[in-house]
Amino acid sequence: MSFDDRNAFFHQRRAVLAGIAGALVLPHAASAFNVPDQPRLIARDYAKVRHRFRTRLLQKGPAPDKYEALAAPPDGEQIFYRSHAGGELELAAWISKYKRGRHAKPGVLFLHGGNAMGVGQWQLLKPYADGGFVVLMPSVRGENGQMGNFSGFYDEVDDVLAAADRLAHLPGVDPNRLFVAGHSIGGTLTMLAAMSTHRFRAAAPISGNPDAFRFFSRYPQDIRFDEGNRHEFEVRSALCYAQSFKCPVRVVHGTEEDHFNDRAGLLARRARAVGIHIEADTAAGNHTSALPAEIEQSIRFFRSVAA
């Protein structure tokens, strides 16, 4: 598949949420709730908040994106992992093919963009495997016709943590060298996951949205929770819990995504105020064309942290 073909794939569902730009530039568009200029900073630990808070879904159903049937890509295998409190959700994930060696390999949990998993996304991850990482790309609840209810950036974090546990226990994978990265919606989940556990050595959110208020003001049709409860937005906003990161973080977006600058900068300032190692940078291109360079940057970042 050519890069243009991959680009086309990533443009499905409103250009794989390239409309996030609109969410940031037009913060009050189509909004039925108040969008703060700056979401408040909450000092409580995000992992502890997640332990106690349960989202209230007023609508229950699958993720909103169109999807393709899940089948293992040629250079990967399809495995399954269990999520939710009792492990009742069995969800699919793709793992890169690798050979066990004398030394365990580092692992990368990569969270795809959009609300459906597809081969086009997987093919962009080849540099991780070529670089010696074992790559796991999980689907999450409600995607691709699977079990579970779409919640929009909250219950899906449980799935990410469960997938990380699955990766950590794969034969030949070093559980002490696990990294997490993700693009677009996956970038948002990357930030929230990196605040929820000490399992990751480093995190690389790519074009993730740290402000759920702005995101859902643009896409109110994706709201499944009680929008009358302000805290429902806060638990989906990395900006509110920027001081809860539990590993080094590198936040990056494309140079043609200037609308991310203020939020990435604010996230970094809030995190640095308590001594968190966080970098904020850009790569040449837009929401999709910058992705190959951003993946290469994440690899260099992971290697520098693990050195």
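Residues numbered from 1 in each chain as written. Predicted model: local features only at pLDDT ≥ 70, side-chain atom pairs only at ≥ 80, totals over all residues. Heavy atoms only, no water.

Draft legend 1. A look at the overall build of the chain. Along the chain, the regular secondary structure elements total 12 helices and eight strands. With 307 residues in all, the chain has 60% of them scored as buried. In the chain, the proportion of contacts linking residues at least 24 apart, taken out of those at least 6 apart, comes to 77%. Per element, the accessible surface of the chain, about 12,300 Å² overall, is 50% carbon and sulfur. (Helix = DSSP H or I, 4+ residues; strand = E, 2+ residues; numbered from the N terminus. Buried < 20%, exposed > 50% of the residue type's maximum accessible area, 1.4 Å probe, protein only. Contact = heavy atoms within 4.5 Å. Areas by Shrake-Rupley, 256 points an atom, 1.4 Å probe, with all protein chains shown as cover.)

Draft legend 2. Looking closely at the pairing of strand β3 (residues 105-111). With six of seven residues buried, β3 is to be regarded as a mostly interior element. Sheet topology note: the β3/strand β5 (residues 173-183) ladder contains six bridges and is parallel. Along β5, the bridge assignment pairs G107 with L178. Pairing analysis gives three bridges linking β3 to strand β4 (residues 134-138), with the strands arranged parallel. Bridge assignment links L109 to a residue of β4, and that residue is L136. (Pairing = 2+ DSSP bridges.)

Draft legend 3. Geometry of the nonpolar core. Within the largest apolar cluster, 65 residues are counted, with the highest numbers of intra-cluster contacts made by L109, L167, F216, F245, L267 and I278. By residue number, the principal contributor to this core is helix α7 (residues 155-168), which donates seven residues. Once you skip the residues sitting within four places of it in the chain, I278 turns out to touch F245, V249, V251, L267, A268, A271 and R272. Core analysis: the second largest hydrophobic core is formed by 23 residues, M137, L291, F301 and V305 among them. (Core = buried A, V, L, I, M, F, W, Y, C linked by side-chain atoms within 4.5 Å.)

Draft legend 4. Summary view of the side chain of N144. With respect to the element layout, N144 can be found in the loop between β4 and α7. Among the polar contacts listed, one links the side chain of N144 to the backbone oxygen of E68, at a separation of 3.0 Å. What N144 contacts, discounting residues up to four positions off in sequence, is Y67, E68, L70, A116 and M117. (Polar contact = N/O pair within 3.5 Å; in protein donor to acceptor, adjacent residues only side chain to side chain.)

Draft legend 5. Quick peek at the pattern of salt bridges. By the definition in use, this model includes 17 salt bridges. In this structure, R230 and E234 form a salt bridge, with 4.0 Å as the shortest nitrogen-oxygen distance. Residue R230 and its partner E234 are both found in helix α10 (residues 230-234); the two are separated by four residues, about one turn of the helix. Residue classification places R230 among the partly exposed positions, given a relative accessible area of 39%. Shared partners join several salt bridges into a network, and the residues in it are D211, R214, D262 and R263. (Salt bridge = Lys/Arg side-chain N within 4 Å of Asp/Glu carboxyl O.)

Draft legend 6. Broad picture of unusual backbone geometry. We note that F153 has phi near 75 degrees; this positive angle belongs to a residue other than glycine. With respect to the helices and strands, the residue F153 is situated in the loop between β4 and α7. F153 gets classed as buried once you look at its relative accessible area, which sits at 7%. The phi angle at S207 is positive, at roughly 50 degrees, despite the residue not being glycine. Secondary-structure assignment places S207 in the loop between β6 (202-206) and α9 (212-218). Take S207: its relative accessible area is 1%, and that puts it in the buried class.

Draft legend 7. A look at the packing of aromatic side chains. On inspection of all chains with the given rule, the structure shows 18 aromatic pairs. Centroid distance F301 to F302: 6.2 Å. Interplanar angle 45 degrees. Geometry classified as tilted. The exposure class of F301 is buried, given its relative accessible area of 3%. Each residue in the set F33, F153, F213, F215, F216, Y219, F225 and F233 is aromatic and connected to the rest through ring pairs, giving one cluster. (Phe/Tyr/Trp six-rings, centres within 6.5 Å; stacked < 30°, edge-to-face > 60°.)

Draft legend 8. Structural context of the sheet that holds β5. The mixed open sheet is built from eight strands, whose spatial order is β1-β2-β4-β3-β5-β6-β7-β8. Looking at strand neighbours, the two that pair on one side only are β1 (76-83) and β8 (278-283), the edges of this open sheet. Strand-to-strand, the axes of this sheet are offset by a mean angle of 25 degrees, without reference to chain direction. In this sheet, β6 lies alongside β5 in parallel orientation, the contact comprising five bridges. Following the sheet pairing, H183 is matched in β6 by I206. Seen against the sheet, helix α8 (residues 185-194) touches β3, β5 and β6 and runs at an angle of roughly 135 degrees to β5. Sitting on the sheet, helix α12 (residues 291-306) is in contact with β3, β5, β6, β7 (249-254) and β8, with an inclination near 165 degrees to β6. (Axes fitted to C-alpha atoms, helices over the stretch in contact; angles between N-to-C directions.)

Draft legend 9. Expanded view of the pairing of β6. The buried fraction of β6 amounts to five of the five residues, a majority that puts the element mostly inside the structure. Of the two faces of β6, the one holding A202, A204 and I206 and the one holding A203 and P205 are both buried throughout. Following the backbone out of β5, through α8 and into the adjacent parallel β6, one traces a crossover that is right-handed. Bridge analysis of β6 against β7 gives two bridges, and the strand direction is parallel. For A203, the partnering residue across the bridge sits in β7 and is V249. (Right-handed = clockwise from strand over helix to strand, strands pointing away.)

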